[in-house]
Amino acid sequence: MEWVGVLCVVGLLMAGLVAAGVRVPGTALAQAVASRILCTAALADGCGDEPVLIAAYGSEVGGLVRRHMPSLLYERGSRAVPVDFRRCRSTACGDAAEQGYVRRTNAGLPVSAFVHVVDCRPETVAQTEAEGADCSGPRAGNLYIQYWTYYADSATLRGIPIAGDEGFHNDDWEGVQIRIRPDGSVDERASSHNGYNHGRGVVNWGSDAGIGPLKEAAEAVGLRPGNGWGPETHILLVSGGSHAGNAAGIPHIERLTPRNRVHLIPLEPVAAASQAHFAITPPWRKRAWRDPETEGTD
């Protein structure tokens, strides 16, 4: 209530200054006021994300980015949480508590996700395509929000005798994607090994393995939604070890990070400046960066 009161007072003050003919700073002030409104509505961690999100995407899309970030639910027994790779690239700083509400790692770093937006709506499609994205066909008119999560490593077969080491690699980029259609309906899918899934189950094996015919067969008979897209659930279920995700089918969990406690970082400026090297392909070099309807995670 205090925030609402402050915002009302500020709004009335600005209206009075304008009516009196006093010049006020335009864009900077508008962004500052808008960021506080978004902060009030979202109650994000420390309200530190909103000015950066608005500066990167504008007040409308910045608000949608915060609103559609899903809560993170971690599989029982896991320790890793997503972090900012510029601050942490080892399990020593990337592991967190095994139970409860997790906002920070044991080293004190915030749970973080990077954001990339592909805006194929009519008013922005020309600029989006000029920047190299594909807005053709079924993409037309949609707004895509991609949340990319970084983990220090991946151990897909952790705990399996002999085979365990075969599934290990340094660096792991995973993520969850949101598709907002022109009619306002919202879809969600999560990266899982070589493809994208919505729910858990053996019907995803073809997608996980990157075997197109198996994936297409499962989708053709209705066993899994097309290209992994399903209704938005506002959650991302994170598998232990591999960090593969899905948006439906609750596993055994003992810890979570609420959606408004995930620190969000626009990835576009980071990608443009980063000279970091990874054991796997980073998001800005993946096909999904430019084609938000791609089937593979390469």
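Residues numbered from 1 in each chain as written. Predicted model: local features only at pLDDT ≥ 70, side-chain atom pairs only at ≥ 80, totals over all residues. Heavy atoms only, no water.

Engineer: Tell me about the overall build of the protein, and name the residues and values.
Structural biologist: For the protein, the count of helices and strands is 9 helices and 12 strands. Across the protein, every contact between residues at least 6 apart in sequence was considered, and the portion connecting residues at least 24 apart equals 66%. In the structure as shown, the protein presents an accessible area of about 14,100 Å², 58% of it carried by carbon and sulfur atoms. (Helix = DSSP H or I, 4+ residues; strand = E, 2+ residues; numbered from the N terminus. Contact = heavy atoms within 4.5 Å. Areas by Shrake-Rupley, 256 points an atom, 1.4 Å probe, with all protein chains shown as cover.)

Engineer: Explain helix H3 (residues 50–68) to me, using residue names and the numbers behind them.
Structural biologist: Across its 19 residues, H3 extends only 14 Å between first and last C-alpha, which sits more than 12% below the 27 Å expected from 1.5 Å per residue. The principal kink in H3, of about 120°, is found at Gly58. Regarding H3, the residues found buried are Glu50, Leu53, Ile54, Tyr57, Val61, Gly62, Gly63, Leu64, Val65, Arg66 and His68. (Expected span 1.5 Å × (residues − 1). Bend = angle between axes of the 7 residues up to and from the residue. Buried < 20%, exposed > 50% of the residue type's maximum accessible area, 1.4 Å probe, protein only.)

Engineer: Mind laying out the sheet that holds strand E2 (residues 100–101), listing which residues take part and the relevant values?
Structural biologist: Taken together, 5 strands build an open sheet; the order of strands is E2-E11-E1-E9-E10 and the sheet is mixed. One side of each edge strand has no neighbouring strand; the edge strands of this open sheet are E2 and strand E10 (245–246). Bridge count between strand E1 (residues 71–75) and strand E11 (residues 253–257): 4 bridges; the pairing is antiparallel. Across the sheet, Tyr74 pairs through a bridge with Arg255, a residue of E11. (Pairing = 2+ DSSP bridges.)

Engineer: How would you summarise the state of the cysteines if you had to cite specific residues and measurements?
Structural biologist: Where two cysteines share a covalent bond between their sulfur atoms, that bond is called a disulfide. Overall, the coordinates contain 2 disulfides when judged by the stated rule. Shown here is the disulfide that connects Cys88 with Cys93, its sulfur atoms set 2.0 Å apart. Across the S-S bond of Cys88 and Cys93 the torsion is about 100°, and the bridge reads as right-handed. A relative accessible area of 2% means that Cys88 is categorised as buried. (Disulfide = S-S within 2.5 Å.)

Engineer: I'd like a description of the nonpolar core, backed by residues and values.
Structural biologist: Counting residues in hydrophobic clusters, the biggest one holds 47 residues, and the most contacted among them are Val65, Tyr147 and Leu264. Here this core takes 6 residues from strand E4 (residues 143–155), the largest share from any one element. Leaving out residues up to four positions away in the same chain, Tyr147 has contacts with Leu64, Val65, His68, Met69, Pro70, Phe114, Val115, Glu174, Gly175, Val176, Ile178 and Leu264. (Core = buried A, V, L, I, M, F, W, Y, C linked by side-chain atoms within 4.5 Å.)

Engineer: So what's going on with the packing of aromatic side chains? Residues and values would help.
Structural biologist: Per the counting criterion, the structure on display carries 12 aromatic pairs. Summarising the aromatic geometry, the rings of Phe114 and Trp173 are spaced 5.7 Å apart at their centres and angled 55° between planes, so their arrangement reads as tilted. Here Phe114, found in strand E3 (residues 112–119), pairs with Trp173, found in strand E5 (residues 168–180); they are 59 residues apart in sequence, far enough to count as distant. We classify Phe114 as buried; its relative accessible area is 0%. (Phe/Tyr/Trp six-rings, centres within 6.5 Å; stacked < 30°, edge-to-face > 60°.)

Engineer: Summarise the side chain of Lys286; cite the residues concerned and give the values.
Structural biologist: By secondary structure assignment, the location of Lys286 is in the loop between helix H8 (267–273) and helix H9 (287–290). This buried residue, Lys286, is left without a salt bridge; Asp298 holds the nearest opposite charge, at 7.3 Å. A distance of 2.9 Å separates a polar side-chain atom of Lys286 from the backbone oxygen of Thr297. In contact with Lys286, other than residues within four places in its own chain, are Trp148, Trp173, Thr281, Thr297 and Asp298. (Lys, Arg positive; Asp, Glu negative; His and termini not counted. Salt bridge = Lys/Arg side-chain N within 4 Å of Asp/Glu carboxyl O. Polar contact = N/O pair within 3.5 Å; in protein donor to acceptor, adjacent residues only side chain to side chain.)

Engineer: Before we move on, could you go through the pattern of salt bridges and cite the residues and values that matter?
Structural biologist: Any two side chains of opposite charge can pair, so long as their charged atoms come close to each other. All told, the structure shown has 14 salt bridges when counted by the stated rule. Here Glu60 ties to Arg121 by a salt bridge, and the two come within 2.9 Å at their closest N and O atoms. Placement of Glu60 in helix H3 and of Arg121 in the loop between E3 and helix H5 (125–130) is noted, with a sequence separation of 61 residues between them. For Glu60, a relative accessible area of 47% translates into the label partly exposed. Judged by relative accessible area, which is 13%, Arg121 ranks as buried. Of the charged contacts, one joins Arg121 and Asp119 as a salt bridge, the two residues approaching to 2.8 Å between their closest N and O atoms. Overlapping salt bridges, with partners in common, bring together Glu60, Asp119, Arg121 and Glu123 in one network.

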